[in-house]
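Listed here are the chains, written in short residue letters.
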Amino acid sequence: MSASQLTLKIKGLRDSLLVTLPEGRWDDLRGLLLNQIQERESFFKGARLALDVGVQALHVSDVSELRDALSEQGVALWAVLSESPATEKTAQLLGLATRLARPTPEVPRAPAAVVEADKALWVDKTLRSGMRVEYPGHIVVLGDVNPGAEIVAGGSVIVWGRLRGVVHAGAEGNGEASVCALDLSPQQLRIAGEIALAPKQRKTPVPEIVRLKDGQLVAEPWRPDKH
Amino acid sequence: MSTVLTIGSGKGGVGKTTAVANLAVALAASGDKVVCIDGDIGLRNLDVIMGLENRIVYDLVDVVEGRCRLRQAMIRDKHLPELYLIPAAQTRDKNAVSPSDMVRLCDELRGEYDWILIDSPAGIERGFKNAIAPADRVVVVTNPEVSAVRDADRVIGILEAEEKGTPSLILNRLNPIMVKRHDMLSADDVVDLLAVKIIGVVPEDEDVIVAANRGSPVALDQKSRAGQAFRNIAQRLKGIDTPFLALDDQGNLWQRLFAGRK
């Protein structure tokens, strides 16, 4: 299919534009998008853009390059939606949203959530300040979660490292969710609707697990015999 | 081989511009050919610290917008013949330059100079993106303060996400006496959180302020401790293994830091 036959779907959201790319070669699609924006400059100028790239697997360099090109046109890319896990990861690394805050009504969301609730997202790097990882299932981090980083999971959160950022487990109301870390000293910890602020700091950190017990967040050192 | 080295920090006021001026002076004094580019369009400072403000005729934006040739915007340093400054425009903003302009500009300078140092503005927006676009290496400057370290962490995360590699770190304005009293983060505390390679610890030194006001960077002052620290960092940038300064009279820095942990 040649680039000239491809068309973009553009839809207005509450405070941004959702552009859905057709299938095709990334270079063609990228060119097409930038062309459209150039041609309709007054329409796009100053817009916040969410881009649905379908199954396209994109590298960090692809997305960051596009974001820079868009910003030169006065368009801010804030979200990249994709069915490809690689692309979702890329977007998360760049601090872009991977889902729209309010799902569009015609997309039934509940069944998808049920399927995803038992899955886990594997994050094999340290999350630095300003990074946010959100996933409907569990989240496992192999690395530290630094102050200023955020983790939001529908299920439980495991941090194989130091947890010093903000963590929210059971974000959709699951009170069975737990949070564990080798060194548990978060800025703020939430499970379902309960919030705990930075708990006491231990001199020598021990692995701990936090659960919701009778409406209270309880942290306990990890002991093999007890669990 | 030339290296494009960008100095960034996230937080303002931690000493990016001071670091650029001093590293440029130290590298040029060691015999290398150096150009510095002030990336802080609209809030330029590097020219003041280098003492070149009254020699500015053309600036970075004039080059990018084709009002002059690159050569015409390059100001030769007062002290060192192989050191040049390309100043920022004061009357424009960051959007006057794009990341691809910066890449083109640096490509033009590559080959002729050993070092192209770029002074990034504070923040993580357009000006920062411009400054890191052409970088081969990035050095992040931070202070031993929780807020500066938090911002450095954010910047390091962005650099990693943009596949610029892990930057190295300069810890600026460390006060050994306060560290000893446990009133200030130590170099170990900072490295522990940021998990990056540290290439220099610069002690807090009044001479830096005096030198900046005089427009003659402290690295030119052979007696200054901060000046020595910057000269050592320049050596390390060149790949020459240089021991860290002993920041107080009892033992060297690392011994003291280890003692401080207990």
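Residues numbered from 1 in each chain as written. Chains lettered and ligands numbered in written order. Predicted model: local features only at pLDDT ≥ 70, side-chain atom pairs only at ≥ 80, totals over all residues. Heavy atoms only, no water.

Enquirer: Mind laying out the overall build of chain B, listing which residues take part and the relevant values?
Expert: For chain B, the helix and strand inventory stands at 12 helices and 8 strands. Computed over the C-alpha atoms, the radius of gyration of chain B is 18 Å, within 12% of the 18 Å expected from 2.2 N^0.38 for a compact globule of 262 residues. If you line up chain B on its principal axes, its C-alpha atoms span 60 × 40 × 35 Å. Of all 262 residues assigned to chain B, the portion counted as buried reaches 59%. (Helix = DSSP H or I, 4+ residues; strand = E, 2+ residues; numbered from the N terminus. Rg over C-alpha atoms; globule rule 2.2 N^0.38 Å. Buried < 20%, exposed > 50% of the residue type's maximum accessible area, 1.4 Å probe, protein only.)

Enquirer: Give me the overall build of chain A: which residues, what numbers.
Expert: The secondary structure content of chain A amounts to 5 helices and 15 strands. Counting contacts in chain A only where the partners sit at least 6 residues apart, residues at least 24 apart contribute 33% of the total. Accessible surface, chain A as shown: approximately 11900 Å² in total, 53% of it carbon and sulfur. (Contact = heavy atoms within 4.5 Å. Areas by Shrake-Rupley, 256 points an atom, 1.4 Å probe, with all protein chains shown as cover.)

Enquirer: Quick rundown of the packing of aromatic side chains? Include the residues and the values.
Expert: The final tally for this structure, using the stated rule, is 2 aromatic pairs over all chains. With centroids separated by 5.1 Å and ring planes inclined at 85 degrees, the aromatic side chains of F43 of chain A and F44 of chain A adopt a geometry described as edge-to-face. Its relative accessible area of 1% is what places F44 of chain A among the buried residues. With a centroid separation of 5.9 Å and an interplanar angle of 75 degrees, the aromatic rings of Y84 of chain B and Y113 of chain B are classed as edge-to-face. Highlighted residues: Y84 of chain B in strand 4 (residues 83-86) and Y113 of chain B in the loop between helix 5 (99-109) and strand 5 (115-119), separated in sequence by 29 residues. Neither Y84 of chain B nor Y113 of chain B differs from the other in exposure class; each is buried. Above the face of the W78 of chain A ring, R48 of chain A is positioned so that its terminal group lies 4.7 Å from the ring centre. In this structure, R236 of chain B packs its charged tip against the face of F244 of chain B, placed 4.1 Å from the ring centre. (Phe/Tyr/Trp six-rings, centres within 6.5 Å; stacked < 30°, edge-to-face > 60°. Lys NZ or Arg CZ within 6 Å of the ring centre and 35° of its normal.)

Enquirer: Residues and numbers for helix 11 (residues 225-237) of chain B, please.
Expert: Residues and elements named next belong to chain B. Given a rise of 1.5 Å per residue, 13 residues ought to cover 18 Å, and the 18 Å separating the end C-alpha atoms of helix 11 matches this to within 8%. Of all 13 residues in helix 11, 10 are buried; the element is thus mostly enclosed. Those residues of helix 11 not exposed but buried are A226, G227, A229, F230, R231, N232, I233, A234, R236 and L237. The first or second residue beyond helix 11 is G239, which carries a positive phi of 85 degrees. (Expected span 1.5 Å × (residues − 1).)

Enquirer: Residue-level account of the interface of chain B and chain A, with values.
Expert: On the chain A side, the residues contacting the 19 residues of chain B number 19 residues. The contact between chain B and chain A buries some 1500 Å² in all, and 41% of this surface belongs to carbon and sulfur atoms. For chain B, the biggest contributors to the area lost against chain A are R150, A161 and L193 of chain B; these three give 31% of the whole. Viewed at the interface, chain A and chain B are joined by 4 salt bridges. In this structure, D153 of chain B engages R128 of chain A in a salt bridge whose closest nitrogen and oxygen atoms are separated by 2.8 Å. Summed over the shared surface of chain B and chain A, the result is 7 residue pairs in polar contact (both at pLDDT 80 or more). Counting only elements with at least two residues in the side of chain B that touches chain A, the list comes to helix 5, helix 6 (126-132), helix 7 (146-161) and helix 9 (187-194) of chain B. It is helix 7 of chain B that contributes the most residues to the side of chain B that touches chain A, 7 residues altogether. Broken down by class, the residue content of the side of chain B that touches chain A amounts to 7 nonpolar, 3 polar and 9 charged. (Buried area = accessible area lost by both parts, 1.4 Å probe. Salt bridge = Lys/Arg side-chain N within 4 Å of Asp/Glu carboxyl O. Polar contact = N/O pair within 3.5 Å; in protein donor to acceptor, adjacent residues only side chain to side chain. Nonpolar A, V, L, I, M, F, W, Y, C, P; charged D, E, K, R; others polar.)

Enquirer: Give me the domain arrangement of chain A: which residues, what numbers.
Expert: Each assigned domain of chain A is listed with its residue range as follows: domain 1 (3-93) and domain 2 (111-226). Here the C-alpha centre of domain 2 of chain A lies 32 Å away from the C-alpha centre of domain 1 of chain A. (Domains from an automatic or database assignment.)

Enquirer: Kindly report on the sheet that holds strand 2 (residues 17-20) of chain A, identifying the contributing residues and their values.
Expert: Residue and element names in this part refer to chain A. Sheet architecture is open: 4 strands sit in the order 1-2-3-4, paired in mixed fashion. Each having just a single partner strand, strand 1 (9-12) and strand 4 (76-81) make up the two edges of the open sheet. The sheet shows a mean angle of 25 degrees between the axes of neighbouring strands, taken without regard to direction. In this structure, strand 1 lies alongside strand 2, joined through 4 bridges in antiparallel fashion. Each bridged residue has a counterpart across the sheet, and for G12 the counterpart in strand 2 is L17. (Pairing = 2+ DSSP bridges. Axes fitted to C-alpha atoms, helices over the stretch in contact; angles between N-to-C directions.)

Enquirer: Can you explain helix 1 (residues 26-39) of chain A? Please cite residues and give values.
Expert: Residues and elements named next belong to chain A. Given a rise of 1.5 Å per residue, 14 residues ought to cover 20 Å, and the 20 Å separating the end C-alpha atoms of helix 1 matches this to within 8%. Of the positions making up helix 1, those classed as buried are W26, D28, L29, L32, L33, L34 and I37. Residues of helix 1 that are buried sit in contact with strand 2, helix 2 (41-44), strand 3 (48-52) and helix 3 (60-72).

Enquirer: Help me get a handle on the sheet that holds strand 10 (residues 166-169) of chain A, residues and values and all.
Expert: Residue and element names in this part refer to chain A. On the basis of which strands lie adjacent, the open sheet formed by 5 strands has the order 6-8-10-12-13 and mixed pairing. Each end of this open sheet is capped by a strand with a single partner; those strands are strand 6 (132-135) and strand 13 (194-197). Averaged over all neighbouring strand pairs, the angle between strand axes comes to 5 degrees, with direction disregarded.

Enquirer: Report on the side chain of S9 of chain B, specifying residues and quantitative values.
Expert: Residues and elements named next belong to chain B. Mapped onto the elements, S9 comes out in the loop between strand 1 (3-8) and helix 1 (16-29). The exposure class of S9 is buried, given its relative accessible area of 1%. Only 2.5 Å separates the side chain of S9 from the backbone oxygen of K11, close enough to count as a polar contact. Of the polar contacts made by the side chain of S9, one reaches the side chain of K16; its length is 2.9 Å.

Enquirer: Go over the nonpolar core with me, naming the residues and quoting the values.
Expert: Counting 66 residues, the largest nonpolar core has L23, C36, L83, L117 and L194 of chain B as its most contacted members. A per-element tally of this core places helix 1 of chain B first, with 9 residues. In terms of nonpolar packing, the next biggest core, distinct from the first, is built from 29 residues, L34, A47, V53 and L77 of chain A among them. (Core = buried A, V, L, I, M, F, W, Y, C linked by side-chain atoms within 4.5 Å.)

Enquirer: Tell me about the side chain of N130 of chain B, and name the residues and values.
Expert: The topology assignment puts N130 of chain B in helix 6. Ignoring anything within four residues of it in the chain, the contact list for N130 of chain B reads K94, V97, S98, P99 and M102 of chain B.

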